[in-house]
Amino acid sequence: MQRQNETLAVPTFTDYANRRKELLCRSFAYLTIKDRIPQILTKVIDTLHRHKSEFFEKHGEKGMEAEKKAISLLSKLRNELQTDKPIVPLVEKFVDTDIWNQYLEYQQSLLNESDGKPRWFLSPWLFVECYMYRRIHEAIIQSPPIDDFDVFKESKDQNFFESQQSIIALCTYLQELMKTIEDLEDNQLKDEFFKVLQISLWGNKCDLSLSGGDTSSQKTNIISSLKDLKPFILVSDMEHLWSLLSNCKKTRERASITRVDIILDNSGFELITDLVLADFLLSSKLATEIHFYGKTIPWFVSDTTIHDFNWLIKQLKHSNHKWMSKCGVNWENHIKMGRWVYLDHMFWTLPHEFSAMSQVAPDLHAELQKAHLILFKGDLNYRKLTGDRKWEFTIPFHQALNGFHPAPLCSIRTLKAEVQVGLQPGQAEQLSASDPSWMTSGKYGIFQFDGPL
Ligand SMILES: O=P(O)(O)OC[C@@]1(O)O[C@H](CO)[C@@H](O)[C@@H]1O
Ligand SMILES: [Mn+2]
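Residues numbered from 1 in each chain as written. Chains lettered and ligands numbered in written order. Predicted model: local features only at pLDDT ≥ 70, side-chain atom pairs only at ≥ 80, totals over all residues. Heavy atoms only, no water.

## Topic: the domain arrangement of the protein
Logical step 1: Split by domain assignment, the protein resolves into domain 1 (15-142) and domain 2 (154-450).
Logical step 2: If you look at the interface, domain 1 gives 25 residues, while domain 2 gives 27 residues.
Logical step 3: Area buried by domain 1 at its contact with domain 2 is led by Phe28, Leu126 and Tyr133, which between them contribute 28% of it.
Logical step 4: On the surface where domain 1 and domain 2 come into contact, there are two salt bridges.
Logical step 5: Linking Arg383 and Glu129 is a salt bridge whose minimum nitrogen-to-oxygen distance equals 2.9 Å.
Logical step 6: Put simply, domain 1 and domain 2 have three residue pairs in polar contact (both at pLDDT 80 or more) between them.
Logical step 7: Sorting the residues of the side of domain 1 that touches domain 2 by element identifies helix H2 (28-50), helix H5 (97-109) and helix H6 (125-141) as the ones contributing at least two each.
Logical step 8: Within the side of domain 1 that touches domain 2, the residues separate by chemical class into 13 nonpolar, five polar and seven charged. (Domains from an automatic or database assignment. Contact = heavy atoms within 4.5 Å. Buried area = accessible area lost by both parts, 1.4 Å probe. Salt bridge = Lys/Arg side-chain N within 4 Å of Asp/Glu carboxyl O. Polar contact = N/O pair within 3.5 Å; in protein donor to acceptor, adjacent residues only side chain to side chain. Helix = DSSP H or I, 4+ residues; strand = E, 2+ residues; numbered from the N terminus. Nonpolar A, V, L, I, M, F, W, Y, C, P; charged D, E, K, R; others polar.)

## Concerning the pattern of salt bridges
Logical step 1: Per the stated rule, a full pass over the model turns up 30 salt bridges.
Logical step 2: Lys34 is the salt-bridge partner of Asp35, the closest N and O atoms lying 2.8 Å from each other.
Logical step 3: For Lys34, a relative accessible area of 31% puts it in the partly exposed group.
Logical step 4: Among the salt bridges present, the one from Lys295 reaches Asp303, with a minimum N-O distance of 3.2 Å.
Logical step 5: Linked through salt bridges whose partners overlap, the residues forming this network are Lys76, Glu80, Arg135 and Glu138. (Buried < 20%, exposed > 50% of the residue type's maximum accessible area, 1.4 Å probe, protein only.)

## A word on the coordination of the manganese ion (ligand 2)
Logical step 1: Around the manganese ion (ligand 2), the protein supplies Asp265 (OD), Asn266 (OD1) and Asp303 (OD) as donor atoms, at distances of 2.1 to 2.3 Å.
Logical step 2: Sequence spacing of the donors to the manganese ion (ligand 2): D-N-x36-D. Of the two residues, Asp265 is situated in the loop between strand S2 (259-263) and helix H12 (269-283) and Asp303 in the loop between strand S3 (289-294) and helix H13 (306-317); the sequence distance between them amounts to 38 residues.
Logical step 3: On the basis of relative accessible area, Asp265 is assigned to the buried category, the value being 6%. (Donors = N, O, S within 2.8 Å, 3.2 Å for Na, K, Ca; no water.)

## Details of the side chain of Glu67
Logical step 1: For Glu67, the position within the fold is in helix H4 (residues 61-82).
Logical step 2: Here Glu67 occupies a buried position and makes no salt bridge, while the nearest side chain of opposite charge, Lys52, is found at 4.1 Å.
Logical step 3: Filtering out sequence-adjacent residues up to four positions away, Glu67 remains in contact with Leu48, His49, Lys52, Phe55 and Ile146. (Lys, Arg positive; Asp, Glu negative; His and termini not counted.)

## Looking at the pairing of S2
Logical step 1: S2 sits mainly inside the fold: five of its five residues count as buried.
Logical step 2: In S2, alternate side chains face the same way, and those of Arg259, Asp261 and Ile263 on one face and Val260 and Ile262 on the other are all buried.
Logical step 3: Relative to S3, S2 runs parallel, the two sharing five bridges. If you follow Ile262 over to S3, its bridge partner there is Phe292.
Logical step 4: Once you follow S2 into H12 and on to S3, the crossover reads as right-handed. (Pairing = 2+ DSSP bridges. Right-handed = clockwise from strand over helix to strand, strands pointing away.)

## Here's the deal with the nonpolar core
Logical step 1: One finds Leu48, Ile136, Trp348 and Trp438 to be the most contacted residues of the largest nonpolar core, which totals 82 residues.
Logical step 2: Residues lining this core come from more than one domain, with at least three contributed by each of domain 1 (15-142) and domain 2 (154-450).
Logical step 3: Among all residues touching Ile136, those that are not within four sequence positions of it are Leu41, Val44, Leu74, Leu77, Val151 and Phe152.
Logical step 4: Within the second largest apolar cluster, 61 residues are counted, among which are Trp242, Leu312, Trp340 and Leu373. (Core = buried A, V, L, I, M, F, W, Y, C linked by side-chain atoms within 4.5 Å.)

## Considerations on the packing of aromatic side chains
Logical step 1: Inspection of the entire model under this criterion finds 30 aromatic pairs.
Logical step 2: Where Tyr133 meets Trp299, the ring centres are 6.0 Å apart and the plane angle is 55 degrees; that geometry is what we call tilted. Of this pair, Tyr133 sits in helix H6 while Trp299 sits in the loop between S3 and H13, and the two are 166 residues apart along the sequence.
Logical step 3: Measuring from centroid to centroid gives 5.7 Å for Phe354 and Phe404, while their planes differ by 45 degrees, and the two rings are tilted. Of this pair, Phe354 sits in the loop between strand S4 (340-344) and helix H15 (357-360) while Phe404 sits in the loop between helix H18 (397-400) and strand S6 (409-414), and the two are 50 residues apart along the sequence.
Logical step 4: Among the residues examined, Phe354 registers a relative accessible area of 0% and is labelled buried.
Logical step 5: By relative accessible area, Phe404 is classed as buried at 2%.
Logical step 6: Each residue in the set Trp100, Tyr103, Tyr106, Trp120, Phe127 and Tyr131 is aromatic and connected to the rest through ring pairs, giving one cluster. (Phe/Tyr/Trp six-rings, centres within 6.5 Å; stacked < 30°, edge-to-face > 60°.)

And the structure:
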């Protein structure tokens, strides 16, 4: 597919003839739908199988029946996908069902010239992928009494346990830093701020949907790798973040607040890195309040739900490692005192790009407008920020946001999808020549800021 050039302000989502060509060229999107998604579905089915006796113990025969039903719905889903059947409306009534089905109709309306049915392999990748996770959820909620079962919980927890050593290193680092943070000079504080930002960036390498649900934990000490990883940061707007927050800190009146909102991505190791960043923001007084946003339903395998968030903090608190448990105690306290607030909203698990937020979820948009800074973690959020379009690499981030600007915002993301904007002329070409998989390997990262208008 041709990259959109700067003269086209908003490229259309779907040029289906080109899309087909792109798919046949074995793009990353095509391989995701063809290989990765069926692999994830097979894992989900296997997980349900393995929990059979647990369902029986909990719910008796009804639990066994429910397991069978969920598995049959999921096998049907896998078959629909693999045989490229039309994408069908959701049937089970849930808070977001109507919005989903309206979106499906919208996708259908884009297809007037063909047979009028969106299909798995010929619809926009972002839509199809989100739809698949929403259908998994539908299969589960259609199968009471196991309708609150999180099919990805096991993998998320495994990621946490396998990253133990790196988590210990991070908690120790944070607690050591806390001892001196009040005495740090401005430039020292800035250095530490940049460090915790980079920790949170590289934490995003560990997502489980890219690995098809296979384990993807952090085994090395991330802090000692930061220097070596620096050359892999393609856009580094950290200075802007520092200016913004240190300015808030200097000009803040006694009782007023500086609020940073973090749109979370993956649970497990990445979530720890985000909480380390959030704790640092409070302790350094760069912020006084943090709002976290997670997902209301299991999403893209490893994304954080309220259960994951609470579970992880509890795990830390009860750890027998001194600094891990100190972090757990402090973090629980931040929540109790209202310095940390966890929120969710169904918008985050809709297929819409973020420029549609003010229309689709005006309440969420209005809430985000109250933040001084919004940090968007991860690759999926980047795809939604930029509409997952094939933008020209050098187009300004601001333009790709397509009017989405509730407050100053920054994407913190490792590259795992074929969309990237705001690069220097020639930068993408150079990368393509030296490392053809630079956009999808998770090896490169960005801090991309869109500041005050
Ligand atoms: O948002 P995250 O966790 O950083 O990444 C999600 C992700 O792995 O899922 C998709 C592949 O299935 C890609 O968009 C992206 O690479
Ligand atoms: Mn994710």
